[in-house]
Amino acid sequence: MPKSSRYQKVCDVFTNKVISCLKHTHLIEAVRLMRAHNVSAIFVQEHRSICGIWTEADCMKLDFNNPQIKSVEIASVMSSPVISISSQRLLSDAALVFHQYSVRHLLVTDESALPCGVISITDIVRNQGLDHYLQFRPVNEQYSKNISIVPANMGVSEAIKLMYERNEKVILVFNKQQNEHGIITQRDLLHLIIEHESKHFCWDFASWPLYQISPKNSLFDAYRLMSDNNVRHLVVTDTQEIKGVLSLEHLINEIESAYCSELEKVLAQRDIALQHSQRNLYLANKIIDASLDGIMITQQDGVIIQVNPAFTTLTGYQEYEVIGKQPKILSSGKHGKSFYIKMWQSIADKGVWQGEICNRKKNGDLYTEWLSIIQIREPNCSEVVYAAIFSDITERKNAEEKIVQLAYFDELTGLPNRRLFNDRLSMALAAAHRNNDMLAVMFIDLDRFKEINDSLGHSAGDELLKMVAKRLQALLCEGDTLARLGGDEFVVLCEVDNIASVISLADQILNHLNIPFQLEGLEVGATASIGAAIYPEDGLDSETLLKHADIAMYRSKEIGRNSFQLFKSSMNARSLERLAMMSRFQHALENDEFELYFQPKQCLKTQTIKGVEALLRWYDPTLGMISPAQFIPLAEELGLIVKLDLWVLNSAGMQLALWQQKGIKAGRLAVNVSACHLSQGKLSKSVEQMLKRYNLSGDCLEIELTESSFISSFSQAKKQLQQLKKMDVHIALDDFGTGYSALSYLTKLPIDTLKIDASFIAKIPDEYGNSEVVAAIIAMATSLNLCVVAEGVEKQTQYNYLQSLGCDVIQGYYYCRPLAQRQWFEFYAQLTPAYPSVTS
């Protein structure tokens, strides 16, 4: 579309005459008036006002079978209301009105709003210079293909009815005698109204001859043919065959479509320009009023000239309370003079300033806002105004502080978390390096905290952690850092003068934690294991110091808990060894690298074998022989102890089956079982499955348990042991005297054998006290009909003393060391000459 046409107005193209009639005018008179003035539409007046419009297209709505059609009043068939447009409006505005109301004629009014002409959609599109567009559009895409062809002798009324039923604006008439086609259009129906006779045939009203055009021609060719011959319809033919009819309306519609497409682009560009125009006050005010940010506009001298509704919402000040005043009414007094000097210097240099500022609301509340101040200079004007745009970010600031709190502080205790502790440790190390200072990192881990959680619940455990945190915090000096790394692990960072001060602080922590805590009406103890590493002796970086303090803490747990250990290099070697062992343990279990050794027990009365204990051994090709005292706790920590138990049980079953096959009669085979296996309630089932697998009776098996097995769940343990007894499995209480030694266990649980711990046997008969304890245990067991086994017998004097006390069975190096399988077979063969085949 030519650029100049964008600015054409309605007055440039409209028809400056309004043909009208009164609302009571008969239809025939109105049509005669339209023909006299050669117009396609007539307006209807009432009391000198336009109230309706009737066009030649409305002919299709008439009933031509009605003999009174000529005397029908125009008011009964007109369209109302009439859409009008000012003559000074742009053609683009008129096009939008046509599109919005789906009409083809608009009443044009002058500056006094009086009718002065009429404009049609055709008037607009004919003035847009879109002929070039028609040159690229073929006729084949636009014409009406399904056109009715009626015989020449068909009645006009019947033909009109057919047009109405098929919603056709034209109909073709074929005169067979003349071999000629004619056409009847909506405009021809106007003649019918004037010369209405029902006997007239179609050929009498048809226009002919018809002008033809090929579907391959362009719309521009069709438009030029219509213009040259002053016709409005062309017959589309292909090899003399009628394909349809192309009307001027088709061309107009096509041009209109192109025009509207161009118009939409122009209007879009205009809308964008309007949005960016600072001079469009209406649009700017709408935007300002709708903004959720507070906006305040001031003159160059700072006087407020405009605020928006959001300003009132955010500050509490109404518009009338601030107009004409200075922005200092919002000042909080939190910012000094230098702050505002820098602000206005930035505005002067860059024309803008952005930043956080604290202001005060009308009710006195302080709030933080994000403020942007923009300097605005009007074109061709020296006047300057300032626009301040702000939003209340108080909640966001609070949320950010909360996020920082969550990111760097422990939610439960409020102490620094691992991330913040690492930051502080890094800074402390840098300062210590510069000043040649000494630092201590202490790892604190609560002992048996899981038991408190399991027995009292996690809420009680959380409360205990908060109490522990308060006690530890109270012991530290200003500048020291106490952090919670997670679970029941705490860590302390402090600057110290010497090793003695580290030991003193550790002793204070242990003593304060030994004081019972009042928790849910109960006194709860919470001892701790503490390890410490010193900078620079034990490490120069954060990772090394934390690792060494952790290793020292684990050493405290190994030696009995409730203690403190300083890091030593030997601990690191032990830790590495333990780590290597952990990595190998799972592999060893899965690849059957364990082995059972057998230590026979001797009956003191008969001097014969009285059972055998199966002892687990692990020889690793890399680490060498590993003691059960090392890998059994490791299995518990890794959660593999039950799996290890099952391996031992299965291996013991295989041995018992082999003994039966070889005829070995050495009494029961004793197997040590973990407390975890018993507490899980799976022990009896595991034993039952093993006995069935190897077709064994329970009387050939003895299960050894320690007193700690009954601590967590006495009722569960009792139930499991009773089920074992039903299978005739014997039960031995191992390491008696070293644990809780609750004598009630001996009467409430189905125990068959009592094994006195080797630590007591090692000191008899010489040490007073130990000998009496052993004598008392044997006497008590005898009175309870329990078999007594003394473990760790290594000397003749021990053997004689135990025999004198009436002990039933001994076990130890004095009688026999633990033996590998082949050694055990050889030992048994030596004692039992009647069974030499066992070694074969």
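Overview of the structure. Every residue gets a number counted from 1 within its own chain, in the order that chain's sequence is written. Confidence filtering applies because this is a predicted model: local features only for residues at pLDDT of at least 70, side-chain atom pairs given and counted only at 80 or more, and all residues used for totals across whole chains, interfaces and linings. The side-chain values count all of the structure's non-hydrogen atoms but skip hydrogen atoms and water molecules.

1. Focus on the nonpolar core
Take the buried residues of types Ala, Val, Leu, Ile, Met, Phe, Trp, Tyr and Cys, join any two whose side-chain atoms come within 4.5 Å, and each joined set is a nonpolar core. Burial here depends on accessible area, computed with a 1.4 Å probe over protein chains only, as a share of the maximum for the residue type. Under 20% is buried, over 50% is exposed, and the range in between is partly exposed. Core analysis: the largest hydrophobic core is formed by 80 residues, its most contacted members being F585, F594, W659, I703, L802 and W824. At nine residues, helix α22 (residues 641-662) tops the list of elements feeding residues into this core. Only heavy atoms enter the contact rule, under which two residues are in contact if any of them lie within 4.5 Å. Beyond its immediate stretch of four places on either side in the chain, W659 contacts F598, V612, I664, A666, G667, L669, W824 and F825. Secondary structure elements are taken from DSSP: a helix is a run of H or I of four residues or more, a strand is a run of E of two residues or more, and numbering for both begins at the N terminus.

2. Description of the packing of helix α16 (residues 449-456) against helix α17 (residues 458-475)
Angular values range over 0 to 180 degrees, each being the angle between N-to-C directions of two axes fitted as lines to C-alpha atoms, with helices fitted over their stretch in contact. Between α16 and α17, the shortest axis-to-axis distance is 6 Å and the interhelical angle comes to 135°. Considering their axes alone, α16 and α17 lie oblique with respect to each other. Here α16 contributes F449, I452, N453 and L456 to the contact with α17, which in turn contributes H458, A460, G461, L464 and L465. Ten residues, namely Ala, Val, Leu, Ile, Met, Phe, Trp, Tyr, Cys and Pro, are considered nonpolar, four, namely Asp, Glu, Lys and Arg, are considered charged, and the remaining ones, Gly among them, are considered polar. Residues belonging to the contact of α16 with α17 are distributed by class as follows: six nonpolar, three polar and no charged. Roughly parallel refers to an angle under 35 degrees, roughly antiparallel to one over 145, roughly perpendicular to one between 65 and 115, and oblique to any angle outside these ranges.

3. Brief notes about helix α28 (residues 770-783)
Each residue after the first adds 1.5 Å to the expected span of a helix. For α28, spanning 14 residues, the distance from its first C-alpha to its last is 20 Å, which sits close to the expected 20 Å at 1.5 Å a residue. Buried within α28 we find N770, S771, V774, I777, I778 and A781. Down the axis of α28, the buried set is contained in an arc of 125°. They therefore lie on one face. Note that the arc is defined by the directions from the helix axis to the C-beta atoms.

4. Some thoughts on helix α2 (residues 91-101)
All of the buried residues along α2 are L91, S92, D93, A94, A95, V97 and F98. Phi turns positive, to about 55°, at S102, one or two residues after α2.

5. What to know about unusual backbone geometry
Of note, the amide linkage connecting W208 to P209 takes the cis form, showing an omega dihedral of 0°. Its location among the elements puts P209 in the loop between α7 (202-205) and β10 (212-213). Note the cis peptide between I764 and P765, where omega equals 0°. For P765, the position within the fold is in the loop between α27 (758-761) and α28. The phi dihedral of R48 falls on the positive side, at around 65°, and the residue is not glycine. Considering the arrangement of structural elements, one finds R48 in the loop between β2 (41-46) and β3 (49-55). Backbone geometry places Q240, a non-glycine residue, at a positive phi of 65°. In this fold, Q240 is placed in the loop between β11 (233-238) and β12 (241-247).

6. Side note on the packing of α28 against helix α29 (residues 796-805)
The interhelical angle for the contact between α28 and α29, taken along N-to-C directions, is 40°, at an axis separation of 10 Å. With respect to α29, the element α28 is oriented oblique. For the element pair α28 and α29, the recorded crossing hand is right-handed. Taken together, the residues of α29 that come into contact with α28 (itself represented by S771, V774, A775 and I778) are Y801, L802 and L805. Tallied by class, the residues present in the contact of α28 with α29 amount to six nonpolar, one polar and no charged. Working rule for handedness: look at the near helix, and if it is turned counterclockwise from the far one by less than a right angle, call the crossing left-handed; if clockwise, right-handed.

7. Some thoughts on the packing of aromatic side chains
Put simply, two rings from Phe, Tyr or Trp (the six-membered ring, in Trp's case) pair if the centres are within 6.5 Å, and we call them stacked under 30 degrees between planes, edge-to-face over 60, tilted for the rest. The tally for this structure, following the rule as stated, stands at 13 aromatic pairs. Relative to F390, the ring of F311 lies with its centre 5.9 Å away and its plane at 80°, an arrangement referred to as edge-to-face. One end of the pair, F311, is in helix α11 (residues 309-315); the other, F390, is in strand β17 (residues 384-392), with 79 residues separating them in the sequence. We classify F311 as buried; its relative accessible area is 0%. The exposure class assigned to F390 is buried, which follows from its relative accessible area of 3%. Taken together, a centroid distance of 5.4 Å and an interplanar angle of 45° make the contact between W659 and W824 tilted. Separated by 165 residues along the polypeptide, W659 in helix α22 and W824 in helix α30 (residues 821-831) bring together distant segments of the chain. W824 carries the same exposure label as W659, and that label is buried. One aromatic cluster in this structure is built from F598, W659, Y815, W824, F827 and Y828. To sit over a ring, a charge needs its Lys NZ or Arg CZ within 6 Å of the ring centre and within 35 degrees of the ring normal. Over the aromatic face of Y367 sits the side chain of K361, whose NZ or CZ is 5.6 Å from the ring centroid.

8. Structural notes on the sheet that holds strand β1 (residues 20-22)
Note on sheets: strands pair through backbone hydrogen bonds, and any given pair is parallel or antiparallel. The strand order across the open sheet formed by three strands is β1-β2-β3, and the pairing between neighbours is mixed. Strands with a single pairing partner mark the edges of an open sheet, and in this sheet they are β1 and β3. For this sheet, the mean angle separating the axes of adjacent strands, direction not counted, is 35°. Contacts from helix α1 (residues 27-37) reach β1, β2 and β3 within the one sheet, and its direction differs from that of β2 by about 130°. When DSSP finds two or more bridges between a pair of strands, those strands are recorded as paired.

9. Some points on the sheet that holds strand β7 (residues 149-151)
Pairing in this open sheet of three strands is mixed, and the strands run β7-β8-β9 from one edge to the other. Every interior strand has two partners, whereas the edge strands, β7 and β9 (180-185), have only one. Put simply, the sheet's adjacent strands are angled 35° from each other on average, direction ignored. Two strands pair when backbone bridges link them, and strand β8 (residues 170-175) and β9 are joined in this way by six bridges, in the antiparallel orientation. Counterpart to V173 in the pairing with β9 is G182. On the sheet, helix α5 (residues 156-165) packs against β7, β8 and β9 and is oriented at approximately 140° with respect to β8.

10. As for the environment of E489
Tracing the chain through its elements places E489 in strand β20 (residues 489-496). Excluding anything up to four places from it in sequence, E489 contacts F443, I444, D445, A483 and R484.

11. As for the pattern of salt bridges
When a carboxyl oxygen of Asp or Glu lies within 4 Å of a side-chain nitrogen of Lys or Arg, that pair is called a salt bridge. One pass over the structure, following the stated rule, counts 21 salt bridges. Note that E56 and R232 form a salt bridge whose closest N and O atoms lie 3.1 Å from each other. In this pair, E56 sits in the loop between β3 and β4 (84-86) while R232 sits in the loop between α8 (219-229) and β11, placing the two residues 176 residues apart along the sequence. D447 is the partner of K557 in a salt bridge, and the nearest nitrogen-oxygen pair spans 3.1 Å.

12. Remarks on the pairing of strand β18 (residues 438-446)
For a regular strand, side-chain orientation follows a simple rule: the groups alternate between the two sheet faces. The buried fraction of β18 is high, at nine of nine residues. Pairing of β18 with β20 involves eight bridges; the strand directions are antiparallel. Bridging from a neighbouring strand, L439 pairs with E495 of β20. As paired elements, β18 and strand β23 (residues 528-535) share eight bridges and run antiparallel to each other. Bridge pairing links M442 to A532 in β23.

13. Side note on the state of the cysteines
Two cysteine sulfurs form a disulfide in these notes if their separation is within 2.5 Å. Applying the stated criterion across every chain yields a total of zero disulfides. You can see C116 has no disulfide; the closest cysteine sulfur is in C11, sitting 8.8 Å from it.

14. Details of the side chain of E702
You can see E702 is positioned in strand β29 (residues 701-706). Judged by relative accessible area, E702 falls into the buried class, the value being 5%. Look past the residues within four positions of E702 in its chain and what remains in contact with it is K601, R668, L669, A670, V671, H730, I731, A732 and T753.

15. What to know about the environment of Y211
Examined against the element boundaries, Y211 turns out to sit in the loop between α7 and β10. For Y211 and V235, which are 24 residues apart along the polypeptide, the C-alpha to C-alpha distance reads 6.1 Å. Once residues lying within four places of it in the same chain are set aside, the contact partners of Y211 are L225, N229, V231, L234 and V235.

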